[in-house]
Amino acid sequence: MAAGKPARAKIRALFLDVDGVLTDGRIYLDGRGHELKVFNTKDGHGMRKAAAAGITVCWISGRSSPATALRARELGVRLCYQGVRDKRAQLESVRRRLALSRAETASMGDDELDIPMFEATGLSACPADAVAAARRAATVVLESPGGGGAVREFVELILKRNGAGRRR
């Protein structure tokens, strides 16, 4: 660390939007109205790596979907909030409950409704195919698209930033 330069806080919680981040944003409906979503296994493994490194993963979605709830359970994501109108308020409620500072949190979203999450966290990112407003507001614009490994890419960036894997 350079002299006089304060150490960055380690990221201890990661807040993720679902549609357009964990998925490509498309929603498939069958003839009976059953919803299907496609989740990327690379992103799933990234979230498991984050959890193994002590990072709490939280999903905050504006929509409600049984597919989202099922995938969260499969990945062991216990903090999964759906049908959320005010994502910033939900994020801040969880952050307070976890006793974390803004600097210890990161968020990822792909659309205008996610920008308040960016403003409430110390580090933010969006997939390469996010809307222009989200790309302008995010700290980092990732190379991968939503549903195409962007979450894994962000987790790897966070783990590197946190110093995971470095020898002392």
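Residues numbered from 1 in each chain as written. Predicted model: local features only at pLDDT ≥ 70, side-chain atom pairs only at ≥ 80, totals over all residues. Heavy atoms only, no water.

Asks: A description of the overall build of the protein chain should follow, citing residues and the corresponding values.
Replies: Assigned secondary structure in the protein chain consists of 6 helices and 8 strands. The N-to-C order of helical and strand elements in the protein chain reads β-β-β-α-β-α-β-α-β-α-β-α-β-α. For the C-alpha atoms alone, the extent of the protein chain along its principal axes is close to 65 × 30 × 30 Å. Counting across all 168 residues of the protein chain, residues that qualify as buried make up 46%. In the protein chain, 53% of the contacts between residues at least 6 apart in sequence involve partners at least 24 apart. In the structure as shown, the protein chain presents an accessible area of about 9,000 Å², 50% of it carried by carbon and sulfur atoms. Put simply, the protein chain has 29 plus and 19 minus side-chain charges, and the middle of one group is 9 Å from the middle of the other. (Helix = DSSP H or I, 4+ residues; strand = E, 2+ residues; numbered from the N terminus. Buried < 20%, exposed > 50% of the residue type's maximum accessible area, 1.4 Å probe, protein only. Contact = heavy atoms within 4.5 Å. Areas by Shrake-Rupley, 256 points an atom, 1.4 Å probe, with all protein chains shown as cover. Lys, Arg positive; Asp, Glu negative; His and termini not counted. Charge placed at Lys NZ, Arg CZ, Asp CG, Glu CD.)

Asks: Can you tell me about the environment of Arg102, naming the residues and giving the values?
Replies: Topologically, Arg102 is positioned in the loop between helix H3 (87-97) and strand E6 (105-108). Spatially, the C-alpha atoms of Arg102 and Glu119 are 9.3 Å apart, while their sequence positions differ by 17 residues. With residues up to four places along the chain from it excluded, the contact list for Arg102 reads Arg95, Phe118, Glu119, Ala120, Thr121 and Gly122. At 3.2 Å, the side chain of Arg102 and the backbone oxygen of Glu119 are in polar contact. (Polar contact = N/O pair within 3.5 Å; in protein donor to acceptor, adjacent residues only side chain to side chain.)

Asks: A description of the side chain of Arg71 should follow, citing residues and the corresponding values.
Replies: Along the chain, Arg71 falls in helix H2 (residues 66-75). The contact partners of Arg71, leaving out residues within four places of it in the chain, are Phe39, Asn40, Thr41, Gly44 and Trp59.

Asks: Explain H3 to me, and be specific about the residues and the numbers.
Replies: All of the buried residues in H3 are Lys87, Gln90, Leu91, Val94 and Arg95. Along the axis of H3, the buried residues cluster in a sector spanning 135°; they form a single face. In H3, the exposed residues that point more than 90 degrees away from the buried face are Arg96 and Arg97. For H3, the secondary structure elements touched by its buried residues are strand E1 (13-16), strand E4 (56-60), strand E5 (79-81), E6 and helix H4 (115-119). Measuring from the side-chain oxygen of the N-cap residue of H3 to the backbone nitrogen of Arg88 gives 3.3 Å; that N-cap residue is Asp86. Where H3 terminates, the next one or two residues include Ala99, which has phi positive at roughly 55°. (Arc of directions from axis to C-beta.)

Asks: Run through unusual backbone geometry, naming residues and quoting values.
Replies: Positive phi is not limited to glycine here, since Ala99 has a value of about 55°. With respect to the secondary-structure elements, Ala99 resides in the loop between H3 and E6. Residue Ala99 is classed as exposed on the basis of its relative accessible area of 63%.

Asks: Give a description of the pairing of E1 that names residues and reports values.
Replies: Side chains Ala13 and Phe15 project from E1 onto one buried face, and the interleaved Leu14 and Leu16 project onto a second face that is buried too. Examined bridge by bridge, E1 and E4 share 4 bridges and lie parallel to one another. Residue pairing across strands places Leu14 opposite Val57, the latter belonging to E4. Pairing geometry for E1 and E6, over 4 bridges, is parallel. Each residue of the ladder has a partner; that of Ala13, found in E6, is Thr105. (Pairing = 2+ DSSP bridges.)

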